[in-house]
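Fold and geometry: a report
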Amino acid sequence: MSFLTADVTDECDALATFASQQIRQLGTTLHGLTPEQLAATPSASAMSLGALARHAIFVTENILGGICEAPQPSTGAERSTEQAQAEGTVDAAALRADDTAQGLIDALEEQARSADSLLRKVDLDTDVPIPDAPWFTGAEHWNNRWSALHLIEELARHAGHADIIRESIDGKGTYELNALAEGGTWPPEGW
């Protein structure tokens, strides 16, 4: 996966391209991690890369579900109440006992493909019901455009968190992880 996005041609293409790229970037931070490293909290934050990946999957499922089901209210991602709470708040309990780095990378890739497909064809002006949650207080109107932009903003913030956590685990940064995920090495030969 290229570190930079491809060129875009219109608004839906831009939203699809940037959303899927941010999801994939978060996935690259998981490359080659052990189960212990997935659960590690090596920084001042209580977030682990595994819990952060689970949060990104949960948020993406919910936002894409809201876009897909608009203008009707979304049924939300299927989780137990406890799992939804853990994934929604990036709690350590979000990481499941059977989670692996590759399994989470695969789940994020599936979400990236879903975002890419849906956001290319969606009517951006369709209204989306605002979820009943305390962090959405004061919002009066959303549409699919706002939801897609919010998804990108949420994912970009967490991709940055993931970069810092991963670098705290083993010193690997974004460029090296992108190269490793593509089967290459960093820095490139002759650079």
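What comes next concerns the included structure. What you see is a predicted model, and the numbers here were worked out from it, not measured in a lab.

Overall, the coordinates contain 3 aromatic pairs when judged by the stated rule. On the basis of an interplanar angle of 15 degrees and a centroid distance of 4.1 Å, the ring pair of Trp142 and Trp146 is categorised as stacked. An aromatic cluster of at least three residues, connected via ring pairs, comprises Tyr175, Trp186 and Trp191.

Inspection of the secondary structure puts Gly32 in the loop between helix 1 (11–28) and helix 2 (35–39). Since its relative accessible area comes to 64%, Gly32 is described here as exposed.

Angle between the axes and distance between the axes: these two values describe a pair of packed helices. Relative to each other, helix 1 and helix 5 (residues 101–121) sit at 175 degrees, their axes nearing to 8 Å. Comparing the axis directions of helix 1 and helix 5 gives the class roughly antiparallel. The residues of helix 5 that touch helix 1, namely those facing Cys12, Asp13, Leu15, Ala16, Thr17, Ala19, Ser20, Ile23, Arg24, Leu26 and Gly27, are Ile105, Leu108, Glu109, Gln111, Ala112, Arg113, Ala115, Asp116, Leu119 and Arg120. Residues belonging to the contact of helix 1 with helix 5 are distributed by class as follows: 11 nonpolar, 4 polar and 6 charged.

Another point: the nonpolar core. Formed by 40 residues in total, the largest nonpolar core has its most connected members in Leu30, Leu38, Ile67, Leu104, Leu108, Leu119 and Leu151. Of all the secondary-structure elements, those providing two or more residues to this core are helix 1, helix 3 (49–69), helix 5 and helix 6 (144–170). Per-element tally for this core: the top contributor is helix 3, with 10 residues. Every residue in contact with Leu151, bar those within four places of it in the chain, is listed here: Ala19, Val59, Thr60, Ile63 and Leu64. Membership of the second largest hydrophobic core comes to 5 residues, among which are Ala70, Ala133, Phe136 and Trp142.

All chains considered together, the criterion is met by 0 disulfides. Free cysteine Cys12: the closest other cysteine sulfur is in Cys68, separated by 14 Å. Cys68 gets classed as exposed once you look at its relative accessible area, which sits at 55%.

Quick look at the pattern of salt bridges now. The full count for this structure, using the stated rule, is 14 salt bridges. In this structure, Asp99 and Arg54 form a salt bridge, with 2.6 Å as the shortest nitrogen-oxygen distance. Taken as a pair, Asp99 in the loop between helix 4 (81–88) and helix 5 and Arg54 in helix 3 lie far apart in primary sequence, 45 residues in all. Take Asp99: its relative accessible area is 10%, and that puts it in the buried class. Classification of Arg54 as buried rests on a relative accessible area of 10%. Across the salt bridge formed by Arg120 and Asp116, the nearest N and O atoms sit 2.9 Å from each other. One end of the pair, Arg120, and the other, Asp116, are both in helix 5, 4 residues apart, so they sit about a helical turn from each other. The exposure class of Arg120 is partly exposed, given its relative accessible area of 37%.

Conventions used here
- Residues numbered from 1 in each chain as written.
- Predicted model: local features only at pLDDT ≥ 70, side-chain atom pairs only at ≥ 80, totals over all residues.
- Heavy atoms only, no water.
- Phe/Tyr/Trp six-rings, centres within 6.5 Å; stacked < 30°, edge-to-face > 60°.
- Helix = DSSP H or I, 4+ residues; strand = E, 2+ residues; numbered from the N terminus.
- Buried < 20%, exposed > 50% of the residue type's maximum accessible area, 1.4 Å probe, protein only.
- Axes fitted to C-alpha atoms, helices over the stretch in contact; angles between N-to-C directions.
- Parallel < 35°, antiparallel > 145°, perpendicular 65-115°, else oblique.
- Contact = heavy atoms within 4.5 Å.
- Nonpolar A, V, L, I, M, F, W, Y, C, P; charged D, E, K, R; others polar.
- Core = buried A, V, L, I, M, F, W, Y, C linked by side-chain atoms within 4.5 Å.
- Disulfide = S-S within 2.5 Å.
- Salt bridge = Lys/Arg side-chain N within 4 Å of Asp/Glu carboxyl O.

By themselves these figures say nothing about function.
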